[in-house]
Amino acid sequence: YHMPTRIFDECIPRCREQLSGDLRVRYEPALARFEPDAQILLNPGQLTRLHGDCHGGNLLINDGVVSGFVDIDHLPLGPRLFDVAYYLADRAKNALRKNTLPGNWSEIVDGVWTGYDEIAHWTISERASLWHMIAGAQMLFVEVFAVNKIENHLLLNLQLFEWLTTLPRNSLLK
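Residues numbered from 1 in each chain as written. Predicted model: local features only at pLDDT ≥ 70, side-chain atom pairs only at ≥ 80, totals over all residues. Heavy atoms only, no water.

Trainee: Tell me what's going on with the nonpolar core, and back it up with residues and numbers.
Mentor: With 54 residues, the main nonpolar core has I7, Y27, F34, L88, W105 and M139 as its most contacted residues. For this core, the leading source of residues is helix α6 (residues 124–147), giving 12 residues. Once you skip the residues sitting within four places of it in the chain, L88 turns out to touch W105, I108, V109, V112, L130 and I134. (Core = buried A, V, L, I, M, F, W, Y, C linked by side-chain atoms within 4.5 Å. Buried < 20%, exposed > 50% of the residue type's maximum accessible area, 1.4 Å probe, protein only. Helix = DSSP H or I, 4+ residues; strand = E, 2+ residues; numbered from the N terminus. Contact = heavy atoms within 4.5 Å.)

Trainee: Any details on helix α2 (residues 21–34)? Residues and values, ideally.
Mentor: Compared with an ideal rise of 1.5 Å per residue, which puts 14 residues at 20 Å, α2 spans 20 Å between its outermost C-alpha atoms and is within 8% of the ideal. Listed in full, the buried residues belonging to α2 are L23, Y27, A30, L31 and F34. Down the axis of α2, the buried set is contained in an arc of 105°. They therefore lie on one face. Opposite its buried face, α2 presents the exposed residues D22 and V25, each directed more than 90 degrees away. Lining the buried residues of α2 we find α1 (3–18), α3 (38–41), α6 and α7 (151–166). (Expected span 1.5 Å × (residues − 1). Arc of directions from axis to C-beta.)

Trainee: So what's going on with the layout of surface pockets? Residues and values would help.
Mentor: If you add up the space inside the largest pocket, you get close to 540 Å³. Around the largest pocket sit 19 residues that line it, and L59, V66, F69, V112 and Y116 are the ones nearest its centre. When contributions to the lining of the largest pocket are tallied by element, the ones reaching two or more residues are β1 (47–49), β2 (59–62), β3 (65–69), α4 (81–97) and α5 (106–120). (1 Å grid on protein atoms, 1.4 Å probe; cavity = no way out; pocket = protein on both sides within 12 Å on 5 of 7 lines; lining within 4 Å. Points joined across faces, edges and corners; volume = space filled by probe spheres on them.)

Trainee: Mind laying out unusual backbone geometry, listing which residues take part and the relevant values?
Mentor: With the exception of glycine, the majority of residues adopt a negative phi angle, and the majority of peptide bonds are in the trans configuration. Within the chain, H121 stands out as a residue other than glycine whose phi angle is a positive 55°. For H121, the position within the fold is in the loop between α5 and α6. Although it is not a glycine, K149 sits at a positive phi angle of roughly 55°. Looking at K149, the relative accessible area reads 59%, which means it is exposed.

Trainee: An account of the packing of α2 against α7 is requested, with residue identities and associated values reported.
Mentor: At a closest axis distance of 9 Å, the pairing of α2 and α7 adopts a crossing angle of 35°. Relative to α7, α2 is oriented so that their crossing is left-handed. For the pair α2 and α7, contact is made by L23, R26, Y27, A30, L31, R33 and F34 and by L154, L155, L158, Q159, F161, E162, T165 and T166, respectively. Its residues assigned to classes, the contact of α2 with α7 comprises 9 nonpolar, 3 polar and 3 charged. (Axes fitted to C-alpha atoms, helices over the stretch in contact; angles between N-to-C directions. Left-handed = near helix turned anticlockwise from the far one by under 90°. Nonpolar A, V, L, I, M, F, W, Y, C, P; charged D, E, K, R; others polar.)

Trainee: Explain the pattern of salt bridges to me, and be specific about the residues and the numbers.
Mentor: It is possible for side chains of opposite charge to pair when their charged atoms get near one another. If you walk through the whole model with that rule in mind, you get 8 salt bridges. Note that E143 and R14 form a salt bridge whose closest N and O atoms lie 2.6 Å from each other. With E143 in helix α6 and R14 in helix α1, this residue pair connects regions lying 129 residues apart in the sequence. Among the salt bridges present, the one from E28 reaches R24, with a minimum N-O distance of 2.8 Å. A residue pair is termed a helical-turn pair when its members lie 3 or 4 positions apart in one helix, as E28 and R24 do in helix α2 at 4 residues. When its relative accessible area of 30% is taken as the criterion, R24 is described as partly exposed. (Salt bridge = Lys/Arg side-chain N within 4 Å of Asp/Glu carboxyl O.)

Read these as layout, nothing more, since geometry by itself doesn't imply function.
See below:
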């Protein structure tokens, strides 16, 4: 699972093929904000085994601490930051559903990022790639719902991808 290959060779072409009309018009400017240095920043180091579907519904939490994972049926290889980025994209999507997206996204990111850093110690390249990794994870959601023609999920995920790409890249971390 090579993130740049997956995004640039599969996801973007499929989205362009599946999205038409107003949806395509919405997608292209967001994609233009995402693409400039994404090839480099979506590849922040060694590949490792991932959960691959690390959203809130697949985490077991006990007293505010992650105590386990469910739905671990495929465990792809990818950059270790991917699961965290996928989870953060899911948290943002839940906030969007509730109309509670904060103006400064660090409210969603900080606790997860800091807690994980205490254990995993993020590298400089991982810190630099967080924005692209989250937007890349979100782009994968757009692709899935565009290909499967699930319009309500497509619209929600496209809206979040658009919003993410309007944030300054360094705004995710304090």
